[in-house]
Amino acid sequence: MNQQNKRIKRYIAACVILAVGVAVFMVLNICIGSVRIHLTDLAEDETLRKIIWDIRMPRAFAVLILGGALALAGYLLQTFFHNPIAGPFVLGISSGAKMVVALVMVFFLGKSIRVSSAAMILAAFVGAMLSMGFVLLMSRKIQGMSMLVVSGVMIGYICSAITELVVTFADDADIVNLHNWSQGSFSGMTWDNVKVMTVVVAVTFVVVFLLAKPLSAYQLGEVYAGNLGVNVRTLRIALVILSSILSACIVAFAGPISFVGIATPHLVKKLLGTAEPIWMIPACFLGGSVFCLFCDLLARTLLAPTELSISTVTAVFGAPVVLYVMVERRRRS
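Now for a quick tour of the structure. Here the structure is a predicted model, which is why all the values come from computation and not from measurement. (Residues numbered from 1 in each chain as written. Predicted model: local features only at pLDDT ≥ 70, side-chain atom pairs only at ≥ 80, totals over all residues. Heavy atoms only, no water.)

## Regarding the overall build of the protein
Looking only at helices and strands, the protein has 13 helices and zero strands in total. In sequence order, the protein lays out its α and β elements as α-α-α-α-α-α-α-α-α-α-α-α-α. A globule of 333 residues ought to have a C-alpha radius of gyration of about 20 Å, and the protein, at 20 Å, matches this closely. Relative to its full complement of 333 residues, the protein shows a buried share of 51%. On the protein, roughly 16,200 Å² of surface is accessible, and the fraction owed to carbon and sulfur atoms is 67%. Computing the positive centroid from 25 side-chain charges and the negative centroid from 15, the protein places the two 18 Å apart. (Helix = DSSP H or I, 4+ residues; strand = E, 2+ residues; numbered from the N terminus. Rg over C-alpha atoms; globule rule 2.2 N^0.38 Å. Buried < 20%, exposed > 50% of the residue type's maximum accessible area, 1.4 Å probe, protein only. Areas by Shrake-Rupley, 256 points an atom, 1.4 Å probe, with all protein chains shown as cover. Lys, Arg positive; Asp, Glu negative; His and termini not counted. Charge placed at Lys NZ, Arg CZ, Asp CG, Glu CD.)

Rendered as structure tokens:
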């Protein structure tokens, strides 16, 4: 009993640390930029208030929400495939979503029609499901973690090639926006974007959290989960749809972002000392938010006024984690 209390205290402490990290990096992201702002100056300067309210706060909240969604999508995919390096970016799901969104954007922008946030998410979801379908097909035909990853990388290259081809036919005025988005960026976020992504991610998060108990059984094997009364087929379909919705929401607003979905669940698992879904689900969300807020802060400030692609920064910190996981897995096998 005492041991159980210690474990619960560790889980709660880890979640508190992550929550404090989110709060700290939110404040830093709002205050630090090309114009350094002290919160005490806001009462006197209307321009500073507009910078905070119209530019930095929507972006910071978008990073918080989408970063958490990205880590949660990675956790769901790793659970689904029983594969420690499965993730939206590596498996080509983000690239598939990016491809369809680019097609929709070029088509509508060419006709001077504004694309709504809902249409972008729907297009990204269709692309994510197409890529996911191909990955699922490949996972049945091949065995082994490495071949599944190679298949995902190939899907990503094919989708990226089609996206680049589509972008070349876009009008000059649209190419800059499409190019920035296709590299991964949180710039240009508005409160309307934040409202839409909040609804989509919040509903998905609640559904995922309600699946914590069957997910815990599923982690121990499909046969074991079936014996406990879990409808494995329905659960697998739910995991595919939920991870695709999260991936679609991220790509629709920020483009493809690399390594966060793979690295964050492993870092969070180390911090918690457990893989129990009831703790991993909220902790992954908070961990993804911290990771992306930190990386976005660096992307904006490291070479200011030039802004780096967010995927460039996340790759620097996320790729070593993935390499470590692969080495550890190889050592244990």
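Now, onward.
## Description of helix α12 (residues 277-301)
The end-to-end C-alpha distance of α12, which contains 25 residues, comes to 35 Å, matching closely the 36 Å that a straight helix rising 1.5 Å per residue would cover. Summarising burial for α12: 18 of the 25 residues are buried, a large majority. (Expected span 1.5 Å × (residues − 1).)

## Concerning the packing of aromatic side chains
In total, this model carries nine aromatic pairs according to the counting rule given. Relative to Phe259, the ring of Phe89 lies with its centre 6.4 Å away and its plane at 35°, an arrangement referred to as tilted. Linking Phe89 in the loop between α2 (46-81) and α3 (93-110) with Phe259 in the loop between α10 (232-254) and α11 (260-272), this pair joins segments that are 170 residues apart in sequence. Ring plane angle 15° and centroid distance 6.4 Å describe the contact between Phe205 and Phe209, whose orientation is recorded as stacked. Pair noted here: Phe205 and Phe209 are both in helix α7 (residues 191-210), with a separation of four residues, about one helical turn. Residue Phe205 is classed as partly exposed on the basis of its relative accessible area, which comes to 23%. Connected via pairs of aromatic rings, a cluster forms that spans Phe25, Phe294 and Phe317. (Phe/Tyr/Trp six-rings, centres within 6.5 Å; stacked < 30°, edge-to-face > 60°.)

## Let's talk about the pattern of salt bridges
Two side chains with opposite charge may pair up if their charged atoms get near one another. For the coordinates displayed, the defined rule picks out six salt bridges. Its salt-bridge partner being Arg59, residue Asp296 comes within 2.8 Å of it at the nearest N-O pair. Note that Asp296 is positioned in helix α12 and Arg59 in helix α2, a separation of 237 residues in sequence. Residue classification places Arg59 among the buried positions, given a relative accessible area of 9%. Salt-bridge contacts for Arg59 lead to Glu307; the nearest nitrogen and oxygen are separated by 2.7 Å. Here Arg59, found in helix α2, pairs with Glu307, found in the loop between α12 and α13 (310-332); they are 248 residues apart in sequence, far enough to count as distant. (Salt bridge = Lys/Arg side-chain N within 4 Å of Asp/Glu carboxyl O.)

## A short note on the side chain of Arg59
In terms of polar contacts, Arg59 uses its side chain to reach the side chain of Glu307, at 2.7 Å. When near neighbours in sequence (up to four residues on either side) are disregarded, Arg59 contacts Phe186, Ser187, Met189, Asp296, Arg300 and Glu307. (Polar contact = N/O pair within 3.5 Å; in protein donor to acceptor, adjacent residues only side chain to side chain. Contact = heavy atoms within 4.5 Å.)

## A word on the packing of α2 against α10
The N-to-C vectors of α2 and α10 enclose an angle of 150°; their axes lie 9 Å apart at closest approach. In terms of orientation, α2 and α10 fall into the roughly antiparallel class. Judged by the sense of rotation from one axis to the other, the crossing of α2 with α10 is left-handed. Along the contact surface, α2 presents Leu66, Ala69, Leu70, Leu72, Ala73, Leu76, Leu77 and Phe80, while α10 presents Arg236, Leu239, Val240, Leu242, Ser243, Leu246, Ser247, Cys249, Ile250, Phe253 and Ala254. Taken together, the residues of the contact of α2 with α10 sort by class into 16 nonpolar, two polar and one charged. (Axes fitted to C-alpha atoms, helices over the stretch in contact; angles between N-to-C directions. Parallel < 35°, antiparallel > 145°, perpendicular 65-115°, else oblique. Left-handed = near helix turned anticlockwise from the far one by under 90°. Nonpolar A, V, L, I, M, F, W, Y, C, P; charged D, E, K, R; others polar.)

## Observations regarding the state of the cysteines
Scanning the model with the defined rule gives zero disulfides in all. The thiol of Cys249 is not disulfide-bonded; the next cysteine sulfur, from Cys292, is found 13 Å away. (Disulfide = S-S within 2.5 Å.)

## Focus: the packing of helix α1 (residues 2-31) against α11
Interhelical geometry of α1 versus α11 gives an angle of 135° and a closest axis separation of 9 Å. Comparing their axes, α11 and α1 come out oblique. Contact with α1, carried on its side by Arg10, Tyr11, Ala14 and Leu18, involves Lys270, Leu271 and Leu272 of α11 and no other residues of that element. Class assignment of the residues belonging to the contact of α1 with α11 gives a composition of five nonpolar, no polar and two charged.

## Focus on unusual backbone geometry
Of note, His82 is a non-glycine position whose phi angle comes to about 50°, a positive value. Relative to the helices and strands, His82 resides in the loop between α2 and α3. Positive phi outside glycine occurs at Phe259, with the angle close to 70°.

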